Amino acid sequence: MTQQPTLITGGTGKVGTRIVSHLRRRNVAVRAGSRSGAPRFDWTAPDTWDAALRGSRTVFVLPHDGELLTWPFVQRARDLGVERVVLLSGRGVDVPGYAGDNSAAGRTHIDGEDAVRSCGPAWTILRPGWFAQNFSEGFFRDAVLAREVRRPVTVR
Ligand SMILES: NC(=O)c1ccc[n+]([C@@H]2O[C@H](COP(=O)([O-])OP(=O)(O)OC[C@H]3O[C@@H](n4cnc5c(N)ncnc54)[C@H](OP(=O)(O)O)[C@@H]3O)[C@@H](O)[C@H]2O)c1
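Per chain, the residues get numbers from 1 upward, laid out in the order the sequence is written. Where local features are concerned, this predicted model is filtered to residues with pLDDT of at least 70; where side-chain atom pairs are given and counted, the filter is 80 or more; whole-chain, interface and lining totals use all residues.

Brief notes about the site of the ligand
Item 1. A residue counts as near a molecule or strand when its C-beta atom, positioned from the backbone, falls within 6 Å of it. Neighbouring the ligand are 26 residues, the closest being G10, G13, V15, S34 and R35.
Item 2. Working definition: helices are DSSP H or I runs of at least four residues, strands are E runs of at least two. Numbering for both runs from the N terminus. Among the elements that line the shell around the ligand, the one with the most residues is helix α1 (residues 14–25), at 3 residues.
Item 3. Residues are grouped as follows: nonpolar covers Ala, Val, Leu, Ile, Met, Phe, Trp, Tyr, Cys and Pro; charged covers Asp, Glu, Lys and Arg; every other residue, Gly included, is treated as polar. The residue inventory of the shell around the ligand, partitioned by class, reads 10 nonpolar, 12 polar and 4 charged.

Points about the packing of helix α3 (residues 70–79) against helix α4 (residues 104–118)
Item 1. Every angle, taken between N-to-C directions, lies between 0 and 180 degrees, and every axis is a line fitted to C-alpha atoms, over only the stretch in contact when it is a helix. Where α3 contacts α4, the axes come no closer than 8 Å and their chain directions differ by 25°. Here α3 lies roughly parallel to α4, going by the angle between them. In this structure, α3 meets α4 at a crossing whose hand is right-handed. Together, T70, W71 and V74 of α3 and D111, G112, A115 and V116 of α4 make up the contact between the two elements.
Item 2. Considered class by class, the residues forming the contact of α3 with α4 number 4 nonpolar, 2 polar and 1 charged. Small angles under 35 degrees read as roughly parallel and large ones over 145 as roughly antiparallel, with 65 to 115 read as roughly perpendicular and the rest as oblique. It is the rotation of the near helix from the far one that decides the hand of a crossing: anticlockwise by less than a right angle makes it left-handed, clockwise makes it right-handed. The contact rule is simple: place each C-beta atom from the backbone, and if two of them lie within 7 Å, those residues are in contact.

Let's talk about the sheet that holds strand β1 (residues 6–9)
Strand pairs in the sheet, formed through backbone hydrogen bonds, run parallel or antiparallel to each other.
Item 1. If you walk across this open sheet you meet the 5 strands as β2-β1-β3-β4-β5, and the pairing is parallel. Strands at the two margins of the open sheet, each flanked by one partner only, are β2 (30–33) and β5 (122–126). For this sheet, the mean angle separating the axes of adjacent strands, direction not counted, is 15°.
Item 2. Should DSSP find at least two bridges between two strands, the strands are taken to pair. Pairing analysis gives 4 bridges linking strand β3 (residues 58–61) to strand β4 (residues 84–88), with the strands arranged parallel. For T58, the partnering residue across the bridge sits in β4 and is R84.

Here's the deal with α1
Item 1. With 12 residues, α1 extends 17 Å between its outermost C-alpha atoms, agreeing within 8% with the 16 Å of an ideal straight helix rising 1.5 Å per residue.
Item 2. Think of it as a crowd count around each C-beta: if 20 or more other C-beta atoms lie within 10 Å the residue is buried, if 12 or fewer it is exposed, and in between it is partly exposed, with C-beta placed from the backbone throughout. Residues of α1 that are buried include every one of G16, I19 and V20, and no others. Summarising the axial view, the buried residues of α1 lie within an arc of 100°, below the 170-degree limit, and thus occupy one face. Opposite the buried face of α1, by more than 90 degrees, sit the exposed residues R18, S21, H22 and R25.
Item 3. Turning to α1, the residues buried within the fold contact β1, β2 and β3.
Item 4. N27 sits one or two residues past α1 and shows a positive phi near 60°. Expected span, for any helix, means 1.5 Å times one less than how many residues it has. Here, the arc refers to the directions that run from the helix axis to the C-beta atoms.

Bear in mind that shape data such as this cannot, by itself, settle questions of function.
This is the structure in structure tokens:
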């Protein structure tokens, strides 16, 4: 097993659990970053960041939507020796009016992309579109089970 753990922030969520189990199947040592983890990792408590980061060579950053915390987090990761950062962003964040500046999550992703490009460690940015899991695990699950999914549509 690889000795230096890969930190997966959001490691207990829909994206993170899949990454954690995929890496573990490949015998990669993994640390799932979460408020229930050991060590505990909390985006809103920077004094918990070091314990989660220390010893990691690679970090997968699932950012804290609505906050601009990716910059200080990636800077701290670099200072503690992290060599590679993989950032979960979102489709369309660089398209004016599409996603980025329209939503708190979009602003988080734009800020996060700037951070990983600028802070030093090697980086990869992922820009997924809608997750199919939104319908089976996410905010449409109850509507699907009730057999009625409503979405607003703009007609031009
Ligand atoms: N849904 C989509 O279609 C879509 C598309 C593109 C991009 N995205 C992006 O994907 C991300 C959401 O991923 P997801 O669906 O996997 O999220 P999720 O299932 O809601 O999981 C959220 C994760 O964040 C952790 N977390 C929440 N608050 C925290 C805090 N204060 N400190 C530390 N960890 C915290 C949770 O762990 P604990 O509760 O255990 O702490 C959990 O592991 C967002 O950035 C979103 O913009 C989503």
